[in-house]
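# Residue-level structural notes
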Amino acid sequence: MMDRKFPDGPGLLRTPVLVTGGAGYIGSHAVLALRDAGWPVAVVDDLSTGFRAAVAKDVPFYEGDIADGELLARIFVEQEIGAIMHFAGSIVVPESVADPLRYYGNNTAKSRALIAAAVAHGIGHFIFSSTAAVYGAPDHSPVDEETPAAPINPYGRSKLMTEQMLADTAAAHEINYGVLRYFNVAGADPQGRAGQSTAGATHLIKVACEAATGRRDGVAIFGTDYETPDGTGVRDYIHVSDLVAAHVLLLERLIAEPEASLTMNCGYGRGFSVSEVLDAVERVAGTEIARRTEARRAGDPGELVSDPSRIRSTLPWEPRNDDLDTIVRHALEWERMRTD
């Protein structure tokens, strides 16, 4: 599929982009970011965890499975797709430990089918939503991309397998790829157009904001005996709007340099403990949150913080929401807007 110029971007090749999982949390924000930047977009989502209302009515939407070759072929032709942003998949670490085959099915086998369809139809550019879980429990922090990938749970392994498939595929076919290894994504669109509505979400800031607005009776702290300053797990939290902005910039880079592929961390390079996050939610919400201590969850490392040097030196990425209270405030505003 040849890239084509899109009228709102002088000199910039803007090819129609298929966003898988575009009705989900991160995918719906990616759709907004792409459209804000003038990219034509289509969405495929099976709505197992996403919401049709999260996608604007004027965005071409296809309900279905990313492993459905006939559906993908139809989308590629009807929408003249030239690039894919792949967000669809399962993301809960403890669930992956309890049901590993589901994760290898959803995250690995279906990604393989999607990649194969992209190759068969000449899709030139592929961006993959990966995870810091590929690093496992590293012996140092922060971690850069040269840190050995040694996942400690099926979720991380399922994502790493897809990274490896992309590398092998790009070596054999005319496709380049970008892999972004996310750290902890949180927050909501600053304009209030999208947020996280996932039922039974496990993300800490989301859960804490639900507790602050009365949707939950409190927050569980899974482990207080980690080797961290306050004993609770430490993570690098990144605002979802900054994350998807990086995707748009990465897409531009892949199109400009079709022979190059990139794997990069996507985080801020600063960690906060569970206790510090809960303190921030209480501070922003102006209310106390009931906290209860539970045992560590299977597959959770004590600390995971990014070294974002590569993405900072590779892309003109300038995060606008690199502040914990800002992330919490946007997440809290979304919770207060929800009517479901």
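Everything quoted here is computed from the prediction, not taken from an experiment. (Residues numbered from 1 in each chain as written. Predicted model: local features only at pLDDT ≥ 70, side-chain atom pairs only at ≥ 80, totals over all residues. Heavy atoms only, no water.)

Our focus in this paragraph is empty space enclosed by the protein. Applying the stated criterion across every chain yields a total of one cavity of 30 Å³ or more. In this structure, the largest cavity encloses a volume near 30 Å³. Forming the walls of the largest cavity are Asp-236, Tyr-237, Tyr-268, Arg-270, Phe-272, Asp-322, Asp-323, Leu-324 and Ile-327. For the lining of the largest cavity, the secondary structure elements donating two or more residues are strand S9 (234–239) and helix H10 (324–337). Class assignment for the residues of the lining of the largest cavity results in five nonpolar, no polar and four charged. (1 Å grid on protein atoms, 1.4 Å probe; cavity = no way out; pocket = protein on both sides within 12 Å on 5 of 7 lines; lining within 4 Å. Points joined across faces, edges and corners; volume = space filled by probe spheres on them. Helix = DSSP H or I, 4+ residues; strand = E, 2+ residues; numbered from the N terminus. Nonpolar A, V, L, I, M, F, W, Y, C, P; charged D, E, K, R; others polar.)

What the rule picks out here adds up to 25 salt bridges. Measuring nitrogen to oxygen at the nearest pair gives 3.5 Å for the salt bridge that ties Glu-210 to Lys-206. Of this pair, Glu-210 and Lys-206 both sit in helix H6 (residues 204–212), four residues apart, roughly one helical turn. Pair check on accessibility: Glu-210 and Lys-206 agree, each one buried. (Salt bridge = Lys/Arg side-chain N within 4 Å of Asp/Glu carboxyl O. Buried < 20%, exposed > 50% of the residue type's maximum accessible area, 1.4 Å probe, protein only.)

The probe, sized like a water molecule, is rolled over the atoms to show the empty space still left. Considered as a void within the structure, the second largest pocket measures approximately 510 Å³ in volume. Lining the second largest pocket we find 21 residues, and of these Ala-33, Asp-36, Ser-241, Ala-245 and Arg-320 sit closest to its centre. If you list the elements that add at least two residues to the lining of the second largest pocket, you get helix H1 (25–36) and helix H7 (240–256). The leading source of residues in the lining of the second largest pocket is H7, at six residues. Here the lining of the second largest pocket is composed, by residue class, of eleven nonpolar, four polar and six charged.

Taking 1.5 Å as the rise per residue, H1 with twelve residues should run 16 Å; its terminal C-alpha atoms sit 17 Å apart, in good agreement. Across the twelve residues of H1, ten count as buried, placing the element largely inside the fold. Looking one or two residues past H1, Gly-38 carries a phi angle of roughly 90 degrees, positive in sign. (Expected span 1.5 Å × (residues − 1).)

The next thing to look at is the side chain of Lys-159. Summarising the element assignment, Lys-159 is placed in helix H5 (residues 154–172). Buried charge without a partner: Lys-159 forms no salt bridge, and the closest opposite charge is Glu-163, 8.6 Å away. Within the structure, the side chain of Lys-159 is placed 2.7 Å from the backbone oxygen of Ser-129, a separation counted as a polar contact. Not counting the four nearest positions on each side in its chain, Lys-159 is found in contact with Asn-107, Phe-128, Ser-129, Ser-130, Thr-131 and Val-134. (Lys, Arg positive; Asp, Glu negative; His and termini not counted. Polar contact = N/O pair within 3.5 Å; in protein donor to acceptor, adjacent residues only side chain to side chain. Contact = heavy atoms within 4.5 Å.)

Before going further, it helps to spend a moment on the environment of His-330. Looking at the element boundaries, His-330 is found in helix H10. A sequence separation of 140 residues divides His-330 from Pro-190, and the C-alpha atoms of the two residues are 6.1 Å apart. Leaving out residues up to four positions away in the same chain, His-330 has contacts with Ala-188, Pro-190, His-239 and Asn-321. At 2.8 Å, the side chain of His-330 forms a polar contact with the side chain of His-239.

Right, let's get into the packing of helix H8 (residues 274–285) against H10. One can describe the packing of H8 onto H10 by two numbers: an axis separation of 9 Å at closest approach and a directional angle of 60 degrees. Overall, the two elements H8 and H10 adopt an arrangement that is oblique. Seen along the crossing, H8 lies across H10 with a hand that is right-handed. Contact residues: Glu-276, Val-277, Ala-280, Val-281, Arg-283, Val-284 and Ala-285 in H8; Leu-324, Asp-325, Val-328, Arg-329, Leu-332 and Arg-336 in H10. When grouped by side-chain class, the residues that make up the contact of H8 with H10 number eight nonpolar, no polar and five charged. (Axes fitted to C-alpha atoms, helices over the stretch in contact; angles between N-to-C directions. Parallel < 35°, antiparallel > 145°, perpendicular 65-115°, else oblique. Left-handed = near helix turned anticlockwise from the far one by under 90°.)

Below, the discussion takes up the packing of aromatic side chains. Taken as a whole and assessed by the stated rule, the structure comprises one aromatic pair. With centroids separated by 6.4 Å and ring planes inclined at 90 degrees, the aromatic side chains of Tyr-103 and Tyr-155 adopt a geometry described as edge-to-face. Taken together, the residues span a long stretch of sequence, with Tyr-103 in helix H4 (residues 100–120) and Tyr-155 in helix H5 at a distance of 52 residues. Classification of Tyr-103 by relative accessible area gives buried; the value is 0%. Given the relative accessible area of 9%, Tyr-155 is considered buried. Sitting over the face of the ring of Phe-61, Arg-52 holds its NZ or CZ atom 4.3 Å from the ring centroid. Between Arg-296 and the ring centre of Tyr-226, over which it is positioned, the NZ or CZ distance is 4.0 Å. (Phe/Tyr/Trp six-rings, centres within 6.5 Å; stacked < 30°, edge-to-face > 60°. Lys NZ or Arg CZ within 6 Å of the ring centre and 35° of its normal.)

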